[in-house]
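So you can see what is in the structure, the chains are spelled out below.
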Amino acid sequence: MKTEGNNIALSVENITKTYPGVIALNHVSIDFRQGEVHALVGENGAGKSTLMKVISGAISPDEGTFVINGTSYHKITPAEASEKGIQIVHQEISLVPFLSVTENIFLGNFIGNGVTVNQKEMRRKVKELFAQLISQM
Ligand SMILES: Nc1ncnc2c1ncn2[C@@H]1O[C@H](COP(=O)(O)OP(=O)(O)OP(=O)(O)O)[C@@H](O)[C@H]1O
Ligand SMILES: [Mg+2]
């Protein structure tokens, strides 16, 4: 549902995405305002993940646009979406088996100077994170 108003952080406008034999999203429009918490509910195959994949740049829509903090996109790269604050926890989480626990935790977000990875700092942060989790048990 689209409504009028200010403070719109993300606006989805008329997004359509088809796969062979199925219309996953059929002219979907919705606004999300700053500070709101939404739950997207629908039966299996309703198109929830497809919508999330469009706004996070994993897939491109056939039609439509979305506006993030005033900038309009037809499609976006995952890196741009992440930079714009669109962060996704995917339904099916994959670990990279040949990377360490620390590297998996920091996947896509390694600490470093662009040339080398600062493993020591990443391990320090993971220990801090685990200590925080354990203190809440
Ligand atoms: N990569 C793909 N190739 C072909 N069809 C796809 C693909 N991804 C999704 N679909 C189809 O698009 C429709 C929407 O799928 P989507 O995964 O977005 O649904 P969902 O609401 O997230 O479902 P669930 O509750 O099962 O997670 C479904 O009919 C699905 O089979
Ligand atoms: Mg899904």
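Shown above is the structure to which this text applies.
A brief structural summary.

1. Thoughts on the pattern of salt bridges
So, point 1. In the structure shown here, the tally under the stated rule is two salt bridges.
So, point 2. Salt-bridge contacts for Glu121 lead to Arg124; the nearest nitrogen and oxygen are separated by 2.9 Å. With a gap of three residues between them, Glu121 and Arg124 both fall in helix H4 (residues 119-135), about one helical turn apart.
So, point 3. By relative accessible area, Arg124 is classed as partly exposed at 40%.
So, point 4. Here Arg124 and Glu128 are joined by a salt bridge, their closest N and O atoms 2.9 Å apart. In this pair, Arg124 and Glu128 both sit in helix H4, four residues apart, roughly one turn of the helix.

2. Details of the nonpolar core
So, point 1. Counting residues in hydrophobic clusters, the biggest one holds 16 residues, and the most contacted among them are Leu10, Val12, Phe66 and Ile68.
So, point 2. Residue assignment for this core shows that the elements contributing at least two residues are strand E1 (8-19), strand E2 (22-33), helix H1 (48-55) and strand E3 (63-68).
So, point 3. Apart from the residues within four sequence positions on either side, Ile68 is in contact with Ala9, Leu10, Tyr73, Ile76, Lys84 and Ile86.

3. Notes on the site of ligand 1
So, point 1. All residues adjacent to ligand 1 are Tyr19, Val22, Ala24, Glu43, Asn44, Gly45, Ala46, Gly47, Lys48, Ser49, Thr50 and Gln91.
So, point 2. With respect to ligand 1, the backbone of Gly45 contributes an N or O atom lying 2.8 Å from an oxygen atom.
So, point 3. Contributions of two or more residues to the shell around ligand 1 are made by E2 and H1.
So, point 4. For the shell around ligand 1, the element with the highest residue contribution is H1, accounting for three residues.
So, point 5. Taken together, the residues that form the shell around ligand 1 break down as four nonpolar, six polar and two charged.

4. Remarks on the sheet that holds E1
So, point 1. In space, the four strands of this open sheet follow the order E2-E1-E3-E4, with antiparallel pairing throughout. If you trace the sheet from one side to the other, it starts and ends with E2 and strand E4 (71-73), each paired once. Sheet twist, expressed as the average angle between the axes of neighbouring strands with direction ignored, equals 15 degrees.
So, point 2. Pairing geometry for E1 and E3, over five bridges, is antiparallel. Its bridge partner being in E3, Val12 is matched across the sheet by Phe66.

Rules behind the numbers
Residues numbered from 1 in each chain as written. Chains lettered and ligands numbered in written order. Predicted model: local features only at pLDDT ≥ 70, side-chain atom pairs only at ≥ 80, totals over all residues. Heavy atoms only, no water. Salt bridge = Lys/Arg side-chain N within 4 Å of Asp/Glu carboxyl O. Helix = DSSP H or I, 4+ residues; strand = E, 2+ residues; numbered from the N terminus. Buried < 20%, exposed > 50% of the residue type's maximum accessible area, 1.4 Å probe, protein only. Core = buried A, V, L, I, M, F, W, Y, C linked by side-chain atoms within 4.5 Å. Contact = heavy atoms within 4.5 Å. Near = heavy atom within 4 Å. Polar contact = N/O pair within 3.5 Å; in protein donor to acceptor, adjacent residues only side chain to side chain. Nonpolar A, V, L, I, M, F, W, Y, C, P; charged D, E, K, R; others polar. Pairing = 2+ DSSP bridges. Axes fitted to C-alpha atoms, helices over the stretch in contact; angles between N-to-C directions.

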